[in-house]
Amino acid sequence: GFMEETRKFDASISHGSSDYRIARRIQNECTLFRSYLPKGIKVHLLVSPIPQSHATRGHEKKVLEMQNEIGNWIQAENPSFKLPTVLPDSSFGTVTHLLPNSAHEYTRQLSLMLSR
């Protein structure tokens, strides 16, 4: 079944590191993933948003760098989607899970981009 996030994000507690980076070990996995896809299949890459209070200065630039690097490994369509990389804390249940109304809106925006 489908599980909806019911918690409310609490910025006052620790949510671990907000330093995002690529684990180099996934390069081979990305290349292998792409090799399994039939010729002509388009791949789009999207990095999920994080809560505003968890984002460091330069987060958007870092996300763009990660998208470009992983995008090269999986031969993603360029440019990748331009969706928000940071959303208000009130959109989240946890640092990685959007609340149902926010997930619905984010998915709606994504579907509009896919239909272009």
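Structure: see above.
Nothing here was measured: the structure is a model prediction, and the numbers come from that model.

Rules used throughout
- Residues numbered from 1 in each chain as written.
- Predicted model: local features only at pLDDT ≥ 70, side-chain atom pairs only at ≥ 80, totals over all residues.
- Heavy atoms only, no water.
- Helix = DSSP H or I, 4+ residues; strand = E, 2+ residues; numbered from the N terminus.
- Buried < 20%, exposed > 50% of the residue type's maximum accessible area, 1.4 Å probe, protein only.
- Contact = heavy atoms within 4.5 Å.
- Lys, Arg positive; Asp, Glu negative; His and termini not counted.
- Charge placed at Lys NZ, Arg CZ, Asp CG, Glu CD.
- Axes fitted to C-alpha atoms, helices over the stretch in contact; angles between N-to-C directions.
- Parallel < 35°, antiparallel > 145°, perpendicular 65-115°, else oblique.
- Salt bridge = Lys/Arg side-chain N within 4 Å of Asp/Glu carboxyl O.
- Polar contact = N/O pair within 3.5 Å; in protein donor to acceptor, adjacent residues only side chain to side chain.

**Topic: the overall build of the chain**
Next, step 1: When its secondary structure is counted, the chain shows three helices and two strands.
Next, step 2: Sequence-ordered secondary structure for the chain, helices as α and strands as β, is α-β-α-β-α.
Next, step 3: In terms of overall dimensions, the chain has C-alpha extents of about 45 × 30 × 25 Å along its principal axes.
Next, step 4: With 116 residues in all, the chain has 32% of them scored as buried.
Next, step 5: Long-range pairs, those at least 24 residues apart, make up 81% of the contacts in the chain with a sequence separation of at least 6.
Next, step 6: Put simply, the chain has 14 plus and 11 minus side-chain charges, and the middle of one group is 6 Å from the middle of the other.

**Focus: the packing of helix α1 (residues 26-36) against helix α2 (residues 59-74)**
Next, step 1: Direction vectors running N to C along α1 and α2 enclose 45°, while the axes themselves pass 7 Å from each other. Classified by the angle between their axes, α1 and α2 sit oblique to one another. Of the residues in α2, those in contact with I26, Q27, C30, T31, F33 and R34 of α1 are I70, W73 and I74.

**What about the pattern of salt bridges?**
Next, step 1: What the rule picks out here adds up to three salt bridges.
Next, step 2: Where E69 meets R24, a salt bridge forms, and the shortest distance between an N and an O atom there is 2.5 Å. Here E69 is found in helix α2, whereas its partner R24 is found in the segment before α1, with 45 residues between them in sequence.
Next, step 3: With its nearest N and O atoms 3.3 Å apart, the salt bridge here joins E65 to K61. With a gap of four residues between them, E65 and K61 both fall in helix α2, about one helical turn apart.
Next, step 4: Owing to a relative accessible area of 56%, K61 belongs among the exposed residues under this scheme.

**A short note on the environment of V43**
Next, step 1: Its place among the elements puts V43 in the loop between α1 and β1 (50-51).
Next, step 2: For V43, a relative accessible area of 9% corresponds to the buried category.
Next, step 3: Sequence spacing of V43 and A76 is 33 residues, and the spatial spacing of their C-alpha atoms is 4.8 Å.
Next, step 4: When neighbours within four sequence positions are excluded, V43 is seen to be in contact with R34, L37, I74, A76 and E77.

**Points about the environment of F9**
Next, step 1: Mapped onto the elements of the fold, F9 is located in the segment before α1.
Next, step 2: Separated by 27 residues in the primary sequence, F9 and Y36 place their C-alpha atoms 38 Å from one another.
Next, step 3: For F9, the residues in contact, after removing those within four places along its chain, are H15, P51, S53, D89, F92, G93, T94 and V95.

**Details of the side chain of T94**
Next, step 1: Positionally, T94 belongs in the loop between β2 (86-87) and α3 (100-114).
Next, step 2: With a relative accessible area of 14%, T94 lands in the buried category.
Next, step 3: Here the side chain of T94 touches H97 through a polar contact of 3.0 Å, landing on its backbone nitrogen.
Next, step 4: Non-local contacts of T94, meaning those with residues more than four positions away in its chain, are made with E5, R7, F9 and P51.

Any link to function would need more than the numbers given here.
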